[in-house]
Structure formats: structure tokens, C-alpha cells
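Observations on chain architecture
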Amino acid sequence: QVQLVESGGGLVQAVGSLRLSCAASGRTFSSYAMGWFRQAPGKEREFVAVISRGGAIRYYGDSVKGRFTISRDNAKNTVDLQMNSLKPEDTAVYYCAADQTPGVPTREWEYEYWGQGTQVTVSS
């Protein structure tokens, strides 16, 4: 089992940057694919990015490609999301998630563990 805690959210102006971090408990962090999702008010949870266990494979949602970068540090049990060129439509609660099954999942239902979320608000 793993517990996830997100940090780094806040209020930022459009075209600005923000870096989210997710800290995981447990000694088997490297056995989990790690993903980021987001949910805006009144909308369904949306896939943002995923990184494989060793960090070699990364996928991004279409709306964030070229602007967001996911990375992980297995020695520190953390996964980060660097968000650049932010837009008001990026405003959402951002969630970190972990999946221990094989593969690099991009769908919400594939993830076993979730953090509580961190709010990101982008002002125009």
C-alpha cells in the first residue's frame, strides 16, 4: 500500500509556471507507475500525465503536451509535475495517483491509490 500527498498548488497568473510535487510513503515506490490527473469544477477527472516505473516512458494528455513535464525521483519517493505556460483552463484540483499493475496507465479507473489533491488556480 502507498500513501500519496500532493503539494505545490496555488494561484498563478496566466503564462506563469508552477511545480507540483507528490510524496509517496512506503519502500516500493519504484514498483508503481505514477500519474497526474485533474478535475475542474463541474467536469470529469481528466488525465494529465503518467511516468513509468523507471522513468523512461512518459505520456501526456493532449491539452498539456508541450507545456507540462512529469518526472520522478525513486530515491526520494517523489513525482513532480512542472507546469509552464499556464492557462486559465488549467484551473483544477490536481491529483497524484499510483498503479502497481503492469503497464503505463492513462485511465482513471486503472489507478489503485490517490492523493487528496492540490488546488491550482490560473488567473487571466
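Report follows, based on the coordinates. (Residues numbered from 1 in each chain as written. Predicted model: local features only at pLDDT ≥ 70, side-chain atom pairs only at ≥ 80, totals over all residues. Heavy atoms only, no water.)

1. Some thoughts on unusual backbone geometry
Cut-off, in case you're wondering: A run of H or I in DSSP counts as a helix once it spans at least four residues, and a run of E counts as a strand once it spans at least two, with each numbered from the N terminus.
The phi torsion at Val 15 lies on the positive side, around 70°, for a residue other than glycine. Following the sequence through the fold, Val 15 ends up in the loop between strand E2 (10-13) and strand E3 (18-24). A positive phi angle, close to 60°, is found at Asn 77, a residue other than glycine. Within the secondary structure, Asn 77 sits in the loop between strand E7 (68-73) and strand E8 (78-83).

2. A look at the nonpolar core
Basically, it comes down to this: Only buried residues count toward a nonpolar core, which is a set of Ala, Val, Leu, Ile, Met, Phe, Trp, Tyr and Cys residues joined through side-chain atoms within 4.5 Å. Only protein chains enter the accessibility calculation, which uses a 1.4 Å probe. A residue is then buried if its area is under 20% of the maximum for its type, exposed if over 50%, and partly exposed in between. In what follows, a contact means two residues having at least one pair of non-hydrogen atoms within 4.5 Å.
In terms of nonpolar packing, the biggest core is built from 28 residues, with Met 34, Trp 36, Val 79, Leu 81, Met 83 and Tyr 94 touching the most fellow members. Not counting residues within four places of it along the chain, the set of residues in contact with Tyr 94 comprises Glu 6, Leu 20, Trp 36, Phe 37, Arg 38, Val 48, Phe 68, Leu 81, Met 83, Gly 117, Thr 118 and Val 120. Residues Phe 37, Phe 47, Val 50 and Tyr 111 belong to the second largest nonpolar core, which totals five residues.

3. Side note on the sheet that holds E3
Under the convention used in this document: A pair of strands is considered paired only if DSSP assigns at least 2 bridges between the two. In this analysis an axis means a line fitted to C-alpha atoms, helices contributing only their contacting stretch, and an angle means the value between N-to-C directions, from 0 to 180 degrees.
In space, the four strands of this open sheet follow the order E1-E3-E8-E7, with antiparallel pairing throughout. Lying at the two open borders of the sheet, with one neighbouring strand each, are strand E1 (4-7) and E7. Each adjacent strand pair in this sheet contributes to an overall mean axis angle of 15°, direction not counted. Direction of pairing for E7 relative to E8: antiparallel, over a ladder of six bridges. For Ser 71, the partnering residue across the bridge sits in E8 and is Asp 80.

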